[in-house]
Amino acid sequence: MEIGIIGAGSVGLLFASYLNNSFPIRIYTRTFEQAEEINKKGILLQKELKEKRVNVTAFPISKWTGKEDLTIIAVKQYQLPSILDLLHKFDSFPQNLLFLQNGMGHLKYLESIPVPNIFVGSVEHGASKINSYTVRHNGEGSINVALFKGDSFRLKEFSEAGASVNFQINMQEDYYEMLINKLIANAVINPLTAILQVENGELISNPHYFAAVKKLFLEISYVLNLQNPIRKFRDMIRICKKTAANRSSMLKDIEAGSKTEIDAILGFLLDEAAIQKKNASNIKTYYLLIKGKEHRRRVN
């Protein structure tokens with residue numbers, strides 16, 4: 001099975017590094033220069049004190065034709081429309097797409113994509129992109145995947161291969177429940193670490209930050225009508241501990257002056273609160289603070 005990976009950020013590089021042992025991999029980059037560098041130098045995977053160089057084939061995204069058996073879409077949610085526009089230029093549509101976006105705002109795009117088999121996933125690993133061809137694996141977690149529509153045959157083949165390369169991929173029955181679990185972690189960890197400018201683990205180790213974590217979680221639980229909030233809270237804390245040394249993607253986006261995925265995460269929750277006519281003042285405050293940081297970077 002040949003796998004295409006759209007996006008060569010931290011997640012795309014991490015997936016290519018591990019899955020290359022099981023599948024032929026093609027990784028598609030935003031720029032020609034990054035593709036050229038990966039082809040020359042390979043992908044350098046750093047973990048603890050070890051380094052491993054992996055040779056993969058890279059192309060600029062303009063060369064994607066959708067012919068791979070499975071394509072993993074590992075770009076930010078706000079970049080999805082430009083990727084999906086490419087589908088309509090193909091002679092035939094891809095057969096299997098796996099989307100790995102934070103939040104849940106991307107689900108509205110998936111309903112109308114004319115692709116037979118669509119899967120969604122969530123990534124709990126901590127990873128940092130060091131440069132255009134180097135990724136650091138900061139914290140081990142798991143990858144959860146589920147069927148959104150169609151047939152799950154290729155997804156099963158994909159998940160079974162993860163075990164052979166120590167890259168755990170778990171198939172889940174309910175995609176919505178799976179994404180809600182990751183949304184909760186993203187909605188707490190990402191905005192708080194971005195505003196406080198701390199690593200994930202400090203949200204737990206600092207008692208004052210941890211009080212803010214609990215307060216935000218309670219409001220998220222209220223908006224999402226969680227049936228088992230204690231278990232959900234423990235799941236979120238587990239992810240935070242496993243990625244304790246990691247700087248969240250939102251913090252890194254703020255530091256780089258890049259657009260964040262706040263609309264896909266807290267924006268989604270604000271929409272849910274509005275539908276239910278519920279007050280979500282904490283969520284709104286953190287949303288506005290992140291939007292303010294984005295604005296400040298653009299102005300400066």
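Along each chain, residue indices are assigned from 1 in the same order as the chain's sequence is written. Local features are withheld for residues below a pLDDT of 70 in this predicted model, meaning they are given only at 70 or higher, and side-chain atom pairs are given and counted only at 80 or more; totals for whole chains, interfaces and linings count all residues. Side-chain numbers come from the whole structure's heavy atoms, not from hydrogens or water.

What follows is about the overall build of the protein. A tally of helices and strands in the protein yields 12 helices and 12 strands. Over its C-alpha trace the protein gives a radius of gyration of 19 Å, about what one expects of a compact globule, namely 19 Å for 300 residues. Dimensions of the protein along its principal axes, counting C-alpha atoms only, are 45 × 40 × 40 Å. Here the term buried applies to any residue with accessible area under 20% of the maximum for its type, exposed to any over 50%, and partly exposed to those in between, with areas from a 1.4 Å probe on protein chains only. Relative to its 300 residues, the protein shows a buried fraction of 54%. Any pair of residues with heavy atoms lying within 4.5 Å of one another is described as a contacting pair. In the protein, once contacts between residues fewer than 6 apart in sequence are set aside, the share between residues at least 24 apart is 68%. When the accessible area of the protein is evaluated, it comes to approximately 13,900 Å², of which 49% is carbon and sulfur surface. The numbering of helices and of strands both runs from the N terminus, where a helix is a DSSP run of H or I of at least 4 residues and a strand a run of E of at least 2. Every radius of gyration here is taken over C-alpha atoms, with the globule rule written as 2.2 Å times N^0.38, N being the number of residues. With residues, only the protein chains shown are counted as cover, and all accessible areas are computed by Shrake-Rupley using a 1.4 Å probe.

On to helix α10 (residues 249–256). For α10, every residue scored as buried is listed here: M250, L251, D253 and I254. Looking straight down α10, one finds that the buried residues subtend no more than 160° of arc, so they occupy a single side. G257, located one to two residues past α10, shows a positive phi value of around 75°. For this quantity, the arc is that covered by the directions from the helix axis to the C-beta atoms.

In these notes, a set of buried Ala, Val, Leu, Ile, Met, Phe, Trp, Tyr and Cys residues joined through side-chain atoms within 4.5 Å is what counts as a nonpolar core. In this structure, W64, F99 and L269 are the most contacted members of the largest nonpolar core, which totals 63 residues. No other element matches the 11 residues that helix α6 (residues 175–196) contributes to this core. Beyond its immediate stretch of four places on either side in the chain, F99 contacts I73, L80, L84, H106, L110, I113, I118, F119, V120 and G121.

Each pair of packed helices gets described by two things: the angle between the helix axes and the distance between those axes. At a minimum axis distance of 10 Å, the contact between α6 and helix α11 (residues 262–276) shows a crossing angle of 110°. With respect to α11, the axis of α6 lies roughly perpendicular. Here α6 and α11 pass one another in a crossing that is left-handed. Along its contact with α6, which presents L183, N186, A187 and P191, the element α11 presents I262, A264, I265, L266, F268 and L269. Basically, the charged four are Asp, Glu, Lys and Arg, the nonpolar ten are Ala, Val, Leu, Ile, Met, Phe, Trp, Tyr, Cys and Pro, and anything else, Gly included, counts as polar. Here the residues of the contact of α6 with α11 are counted per class, giving 9 nonpolar, 1 polar and no charged. Note on definitions: angles span 0 to 180 degrees between N-to-C directions of axes, and those axes are lines fitted to C-alpha atoms, for helices only across the stretch in contact. Should an angle fall under 35 degrees it is taken as roughly parallel, and over 145 as roughly antiparallel, whereas 65 to 115 is taken as roughly perpendicular and any remaining angle as oblique. Helix crossings fall into two classes, left-handed where the near helix is turned counterclockwise from the far one by less than a right angle and right-handed where it is turned clockwise.

Between α6 and α10, the shortest axis-to-axis distance is 7 Å and the interhelical angle comes to 35°. Both α6 and α10 take part in a crossing whose hand is right-handed. Residues N190, P191, T193 and A194 of α6 form the contact with α10, whose own contacting residues are S249, M250, L251 and I254. The residue inventory of the contact of α6 with α10, partitioned by class, reads 5 nonpolar, 3 polar and no charged.

Turning next to the pairing of strand β10 (residues 134–139). A regular strand places its side chains on the two faces of the sheet in alternate fashion. Note that strand β3 (residues 43–47) and β10 share 3 bridges and pair parallel. Note on β10: the bridge partner recorded for L45 is V135. A strand pair is defined by DSSP finding two or more bridges across the two strands. Where strand β9 (residues 126–131) and β10 come together, 5 bridges link them in antiparallel fashion. What sits directly across from S128, in β10, is R136.

So, on to the pairing of strand β4 (residues 50–54). Where β3 meets β4, 5 bridges bridge the pair, whose relative direction is antiparallel. Bridge pairing links K47 to K50 in β4. Count of turn residues in the β3/β4 antiparallel hairpin: 2 residues, of which E48 carries a positive phi of about 55°.

Taken in spatial order, the 4 strands line up as β4-β3-β10-β9 in an open sheet, and their pairing is mixed. Strands at the two margins of the open sheet, each flanked by one partner only, are β4 and β9. Strand-to-strand twist across the sheet, computed as the mean angle between neighbouring axes with direction ignored, equals 25°.

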